[in-house]
Amino acid sequence: MKLQVAIDRVTLEEFQNSVIKLDGIVDVIEVGTSLIKDYGMDSLKSIVSRIKQSEVLFDLKTIDEGTYEFEKGFTAGADTLTVMASSSIDTIEQVYALTVNQEKKMLIDLLAVNDEKIEELRQFDKAIFGLHYSHDNKNQDFDAVKAVEQFHNNFPNIKNIAVAGGIDIEQASRLAKQRIVERIIVGGKIMNNETPVEMAKKFMEVIK
């Protein structure tokens, strides 16, 4: 299981400092949507180029103009890009084909879609399917372990699963023992800690 650390809502200088410290410590460094919107991929490209050991994910949350955004994202240095499951099937087909052709990775963000749409997406078997509990959700009582178990029971043939949503050390440990998800995505529980690198190391210890 991989640890993906999401970096959001920081300055370029803070982002660069975090990248330098976390490279090689965590499996995947996520360039959060807020950074992409605040600074643009061209501005982030030079910082991302300094990541030598960890994988890089750009959380584009693509909904339309798929191939244009994915071409830009991969050119900017991303190994993985995200597309919203609520996008049209045509958009998802196009970005999936481009991703496979470039031997990169794609994460489909399943935020706020029903089981019928997920069934339609099962054909993209090389994609990562991301269970995403929204930061905006008023009910913050989210159990990632139960959510993953239910998803796996409903869609047993989907193998590449990621989960995000307030995951702490205890949940990370349980998810590792559950042995279903391909990666966990952690943001604030690491980046808002006084010692984010040490916290990231603790997460890595419990998931390996």
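What you see as residue numbers is a count from 1 along each chain, following the sequence as written. In keeping with the model being predicted, local features are shown solely for residues with a pLDDT of at least 70 and side-chain atom pairs are shown and tallied solely at 80 or more, while totals for entire chains, interfaces and linings include all residues. With hydrogens and water stripped out, all remaining heavy atoms of the structure feed into the side-chain values.

**Student:** Looking at this structure, I do not really get the overall build of the chain. What am I missing?
**Tutor:** Along its length, the chain carries ten helices and eight strands. Each radius of gyration is computed over the set of C-alpha atoms, and the globule rule expresses the reference value as 2.2 Å times the number of residues to the power 0.38. On C-alpha atoms alone, the chain measures out to a radius of gyration of 16 Å, which is about the 17 Å that the 2.2 N^0.38 rule sets for 208 residues. Counting across all 208 residues of the chain, residues that qualify as buried make up 49%. Any two residues whose heavy atoms approach within 4.5 Å are treated as being in contact. The long-range share in the chain, meaning contacts at least 24 apart out of those at least 6 apart in sequence, stands at 64%. Methods summary: accessible areas were calculated by the Shrake-Rupley approach with a probe of 1.4 Å, and residue burial reflects only the protein chains presented. Accessible surface computed for the chain: about 10600 Å², of which carbon and sulfur atoms make up 44%. Helix and strand assignments follow DSSP, with helices taken as H or I runs no shorter than four residues and strands as E runs no shorter than two, numbered in order from the N terminus. The buried label applies to any residue whose accessible area, calculated with a 1.4 Å probe on protein chains only, is under 20% of its type's maximum; exposed applies above 50%, and partly exposed to all values in between.

**Student:** Would you mind showing me how to read helix α1 (residues 12–22) here?
**Tutor:** Think of an α-helix as 3.6 residues a turn; residues three or four steps apart then line up on the same face. When α1 is considered as a whole, its buried residues turn out to be F15, S18, V19 and L22. Projected down its long axis, α1 shows its buried positions confined to an angular sector of 100°, all on one face. Every exposed residue of α1 that faces more than 90 degrees away from the buried side is listed here: E13 and K21. Among the structural elements, β1 (2–7), β2 (28–31), α2 (33–39), α3 (41–48), α9 (188–191) and α10 (196–207) are those in contact with the buried residues of α1. The reported arc concerns the directions from the helix axis to the C-beta atoms and nothing else.

**Student:** What am I meant to see in the pattern of salt bridges here?
**Tutor:** Side-chain pairs of opposite charge can arise whenever the charged atoms involved come near each other. For this document, the term salt bridge refers to a Lys or Arg side-chain nitrogen within 4 Å of an Asp or Glu carboxyl oxygen. One pass over the full model with this rule turns up nine salt bridges. Of the charged contacts in the structure, one is a salt bridge between E55 and K2, with a shortest N-O distance of 2.6 Å. Highlighted residues: E55 in strand β3 (residues 55–62) and K2 in strand β1, separated in sequence by 53 residues. E198 is the partner of K201 in a salt bridge, and the nearest nitrogen-oxygen pair spans 3.6 Å. Here K201 pairs with E198, and both are found in helix α10, just three residues apart, close to one helical turn. A residue is classified by how much of its surface remains accessible, and K201, at 34% relative accessible area, is partly exposed. A relative accessible area of 42% places E198 in the partly exposed class. Connected through salt bridges with shared partners, the residues K2, E55 and K105 form a single ionic network.

**Student:** Which parts of the structure should I look at to understand the packing of aromatic side chains?
**Tutor:** Two numbers describe a pair of aromatic rings. These are the distance of the centres and the angle of the planes. Centres within 6.5 Å make a pair out of two Phe, Tyr or Trp rings, where for Trp the six-membered ring is used; the pair is then stacked when the planes are under 30 degrees apart, edge-to-face when over 60, and tilted otherwise. Inspection of the entire model under this criterion finds four aromatic pairs. Where Y133 meets F142, the ring centres are 4.4 Å apart and the plane angle is 10°; that geometry is what we call stacked. The two residues Y133 and F142 agree in class, both being buried.

**Student:** Help me out: how do you make sense of the packing of α1 against α3 in this one?
**Tutor:** Think of two packed helices as two axes; the pair is described by the angle between the axes and how far apart they sit. Interhelical geometry of α1 versus α3 gives an angle of 30° and a closest axis separation of 10 Å. As far as their axial angle goes, α3 and α1 are roughly parallel. In this structure, α1 crosses over α3, and the sense of that crossing is right-handed. The residues of α3 that touch α1, namely those facing L12, F15, Q16 and V19, are L44, I47 and V48. For every element, the axis is a line fit to its C-alpha atoms; helices are fit only across the contacting stretch, and the angle between N-to-C directions ranges from 0 to 180 degrees. These descriptions rest on fixed angle ranges, namely under 35 degrees for roughly parallel, over 145 for roughly antiparallel, 65 to 115 for roughly perpendicular, and the rest for oblique. Crossings are classed by handedness, with left-handed meaning an anticlockwise turn of the near helix from the far one by less than a right angle and right-handed meaning a clockwise turn.

**Student:** I'm lost on α3 in this one. Help?
**Tutor:** When α3 is considered as a whole, its buried residues turn out to be M41, L44, I47 and V48. Projected down its long axis, α3 shows its buried positions confined to an angular sector of 110°, all on one face. Contacts from the buried residues of α3 go to α1, β2, α2, β3 and α4 (66–75).

**Student:** Which parts of the structure should I look at to understand the sheet that holds β2?
**Tutor:** Through backbone hydrogen bonds, the strands of a sheet pair up, either in parallel or in antiparallel fashion. Spatial ordering of the closed barrel is given by β1-β2-β3-β4-β5-β6-β7-β8, a layout of eight strands whose pairing is parallel. Across the sheet, the mean angle from the axis of one strand to that of its neighbour is 25°, orientation sign disregarded. For two strands to be treated as a pair, DSSP must find no fewer than two bridges joining them. Note that strand β6 (residues 128–132) and strand β7 (residues 161–164) share four bridges and pair parallel. Residue pairing across strands places F129 opposite I161, the latter belonging to β7. Sitting on the sheet, α10 is in contact with β1 and β8 (183–186), with an inclination near 155° to β1.

**Student:** Explain the packing of helix α7 (residues 144–154) against helix α8 (residues 169–178) here, please?
**Tutor:** Between α7 and α8, whose axes approach to 9 Å, the crossing angle comes to 25°. Overall, the two elements α7 and α8 adopt an arrangement that is roughly parallel. Residue-level inspection shows A144, V145, V148 and E149 of α7 in contact with α8, the latter providing Q171, R174, L175 and Q178. Amino acid classes used here: Ala, Val, Leu, Ile, Met, Phe, Trp, Tyr, Cys and Pro are nonpolar; Asp, Glu, Lys and Arg are charged; the rest, including Gly, are polar. Grouping the constituent residues of the contact of α7 with α8 by class yields four nonpolar, two polar and two charged.

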